[in-house]
Every structure is written in structure tokens, then in C-alpha cells.
Amino acid sequence: MIESLNRVEISLSALRHNFSLLKAKAPDAAVLAMVKADGYGHGMSECARTLAAAGADCFGVAEAVEGVELRKNGIDRPVFIMAGLLPEIIPALFDYRLTPVVVDDSCLETLSREAVQRGQEIGLHLKVDAGMGRQGCALSSIGGIIRQIQTLPGLSLSGIMAHFPKADDPDSDSTTEITAAFGRRLEKVQELLPENLVLHLANSGGILYFPDSHQDMVRPGISLYGYYPNGEQGKMNAEEPRLQPVMRFSSRIIQIREVAAGTGLGYGHTFTTSWPTKIAIIPAGYEDGYLRCLSSRSQALVHGQRVPAVGRISMNLTMFDVTDLGRVKLGDEVVLLGRQGDEEITADEIATWMETISYEILCLFGNLNNRVYV
Ligand SMILES: *Cc1c(COP(=O)(O)O)cnc(C)c1O
């Protein structure tokens, strides 16, 4: 079978390394591994299989359709549906034993009716907005919602969760304050809380920087895939052993050209050569997630050395200036993300060029290209 010259490599051993490092950070908590967005671009089912074998207790996705795919791929641990609960989705939750995260009382009656009809009980987790200012019920309303869950047949409350807005900042008080506010509110409704209730708050930032936030279960995402939630800063400050990037994105040289000084390169001639220049062309462009805004900003690795992108990145073609390299030849590997020789380009570095965060780079590259597991 013929394959694309653009290739995203996923290192399952790096994924396992990151899992055990995070597990060691929160040894007493269960792990809900976030595999939404097709495992942050790394492949949801492949990652879930590896993480399950490594000891992940359960998985988190956004919509139910992702949970169904995990089930069809043989993942049998609990799968949490974090976003996208509407009445029409509810039968699939029962068909595929998916765990709903409810954010208010709007779905409770439909959930209860379906449970009663099927003669089943469904455990649900309640998401509170303890300070994130996004999805969830107000902290002050949890008593009322818990009572409703308890009066409706077929429903049981298995957990309560919240999400942090600033856990990527080790210096912010926000995470500690939210953890405390969450705890105080739960104390007020203590007599309503079932036994074995699972409390969970911590994303990667919580796990790495705020041990008090670990509670009964932690929900790592970006850190599983080898990146610190606060980017290069987090990596620099981290003790050894460190998280290892799981993804590598490479392409191949499909043409080498020597052009004269004063040559305008590509659409709009946004770059004109100042001296005789050797250009290497790869068959990757914005269609492959190597976005146009990286034009004349990014670098890649060829023979373990950094080379700058020149001219506009187009849909399927990008040019690099390889004048300073010795013998480049057709078919040579060009690394857009990851390590080659002693050099490395990280998703944090690309994120800086693109004015975004590593999360977006991984989703873009991973979900738009052919993935290979190594
Ligand atoms: C995505 C997500 C996480 C993981 O966050 P990271 O910063 O990637 O670790 C945790 N909890 C919830 C609810 C999420 O949606």
C-alpha cells in the first residue's frame, strides 16, 4: 500500500513513560485519561489501548460518538462523556455503557425514564462550575441537583467534578482557592453525598503543580502526550525524569532548486532571495496542518540542522532554505515537529510561532495526517 510522504509518528513508549510519570505524581488517585480530539491528535483508540494496558482506570471524551468508537475498538473501561448531552443522545449512553457528565438538571428526567424502561441503573457524574466560568452548574445549586438525582429512579450519583481555569500557572492562587471552595461546598451538603463518591478536579496543571487538587481521581490530557501545560517554562522547571513528546511529524524533500539572487519565491513573492539560494521543497502545507501563518516564521530540521521556511506556505507545498547545508538530496527527511539528530522542534516552539498553545499544534498535525505507531 502506498502512503503519504507526510508522516506523523506516535511513540507508544513515550506515552507509557508519561503515564507512569503522572501516576507517580498522584499515586493515590485513579486516572481518567483524556483522549478527546482523537487523543489530542495521537489517535484515540490506539492511545486508549496503550493507556489501559499501562493502568489507566477510565477515559474521557467530548461527545458520545467518540465513546461509541472506543467501545467498537474494544475499550471496556468506563468512558466519560464530557460534552454534548442532549435527550436524543441518551439511548446510546445505555447501549454502549457510557458515563454521562451532567451539568444541570435538564437531562435528568430523560435519563431516569430511559433507565427505568430498560430496567437498568445509570451512574452519573455532576460537573460544577467552581470558578472556571464555563460549563457546569453553579456551586450553590449542587444540593438541589443532588436531591433531584436521588429522587429520580434509575439514577445514581457516582462523582462530582470541576475544571480549573488557571492550573497551568503554578504561581496563581486560583487553583488552590477553587479546590478549597469546592471542598467547603461539599461539606455543606455532606449528608446528601453517597458513599464512594468520586471527586475529581485536576487536569495536567493540577496534577503537576497542585497536589492538594488530586482528590480521588485525576484527568491528565496534554501531559500524557508529553507537553507541560505551561509550555517551555514548565519543561525547564520540571525535575527529571521529564515528560517525553509522543508525536513527531516529518515530510520528505521532493525537489531541490538553486535560484539566483533576486528571485521572488511562491505566492505573492513575500520573500525575495538576497543571494544565490538552495531551496528544498516538501509536499506538506496548510492542508496538512502546517498553517499558512507559519510562512517565513517556522523552521524545520534537515540532517539534524535547523532550516528556515521561506515564502508563502501553500496548500501542499512548503519551501525551506537549505543553502547552508552540504549535501541534501531528493527524498531526505524534513522534520517539522520532533527530534532529528541532536536538534528538536517542539510543539511549544511551533505554538509560539503560531501564537497558540501546544494542544492546537498536536490536534492539527495529528488529525490531518497519516499516523504511524512506533
Ligand atoms: C481536556 C480536559 C482535561 C485535560 O486537560 P489538560 O490541560 O490537557 O490536562 C481535564 N478535564 C476536563 C474536563 C477536560 O475537558
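Computed from a predicted model, the values in this text were never measured in an experiment. (Residues numbered from 1 in each chain as written. Predicted model: local features only at pLDDT ≥ 70, side-chain atom pairs only at ≥ 80, totals over all residues. Heavy atoms only, no water.)

Two elements, strand β16 (residues 299–302) and strand β17 (residues 305–310), share four bridges in a ladder whose sense is antiparallel. Paired with V302 across the two strands is Q305, which belongs to β17. The turn linking β16 back onto β17 is made up of two residues, and H303 within it adopts a positive phi angle of 50°. Across two bridges, β16 lies against strand β19 (residues 333–340) in antiparallel orientation. Its bridge partner lying in β19, L301 is registered against V335. (Pairing = 2+ DSSP bridges. Helix = DSSP H or I, 4+ residues; strand = E, 2+ residues; numbered from the N terminus.)

If you check helix α1 (residues 12–25), its first and last C-alpha atoms are 20 Å apart, about what 14 residues at 1.5 Å a residue would give, namely 20 Å. Within the span of α1, buried status applies to L12, A14, L15, N18, F19, L21 and L22. Its buried side turned inward, α1 meets β1 (7–10), β2 (30–34), α3 (44–54), α9 (204–209) and β21 (371–373). (Expected span 1.5 Å × (residues − 1). Buried < 20%, exposed > 50% of the residue type's maximum accessible area, 1.4 Å probe, protein only. Contact = heavy atoms within 4.5 Å.)

What follows deals with a nonpolar patch on the surface. On the surface, L5, I254 and L317 cluster together into a nonpolar patch covering about 230 Å² of accessible area. Position of I254 relative to the elements: it lies in the loop between β11 (247–252) and β12 (255–259). (Patch = residues over 30% accessible without salt bridge, like charges linked within 9 Å, V, L, I, M, F, W, Y side chains within 5 Å. Areas by Shrake-Rupley, 256 points an atom, 1.4 Å probe, with all protein chains shown as cover. Salt bridge = Lys/Arg side-chain N within 4 Å of Asp/Glu carboxyl O.)

For β19, a buried count of six out of eight residues is recorded, marking the element as mostly surrounded by other parts of the structure. In this structure, β11 lies alongside β19, joined through four bridges in antiparallel fashion. Bridging from a neighbouring strand, R252 pairs with E333 of β19. One ladder, built from three bridges, connects β19 with strand β20 (residues 343–345); its direction is antiparallel. Across the sheet, residue G338 finds its bridge partner in β20, namely I345. Adjacent in sequence and paired antiparallel, β19 and β20 are bridged by two residues, among which G341 carries a positive phi angle near 60°.

To continue, consider the domain arrangement of the chain. Domain assignment breaks the chain into domain 1 (12–230) and domain 2 (247–373). With 12 residues of domain 1 at the contact, the number on the domain 2 side is 13 residues. Taken over both partners, the interface formed by domain 1 and domain 2 buries close to 1,100 Å², and the fraction arising from carbon and sulfur atoms is 60%. The largest per-residue losses of area from domain 1 upon contact with domain 2 belong to G41, H42 and Y227, which jointly make up 47% of the total buried on that side. Viewed at the interface, domain 2 and domain 1 are joined by one salt bridge. The salt bridge partner of R371 is D38, with a shortest N-O separation of 3.0 Å. Taken together, the links from domain 1 to domain 2 amount to six residue pairs in polar contact (both at pLDDT 80 or more). Top element by residues in the side of domain 1 that touches domain 2 is helix α2 (residues 36–40). It accounts for three residues. (Domains from an automatic or database assignment. Buried area = accessible area lost by both parts, 1.4 Å probe. Polar contact = N/O pair within 3.5 Å; in protein donor to acceptor, adjacent residues only side chain to side chain.)

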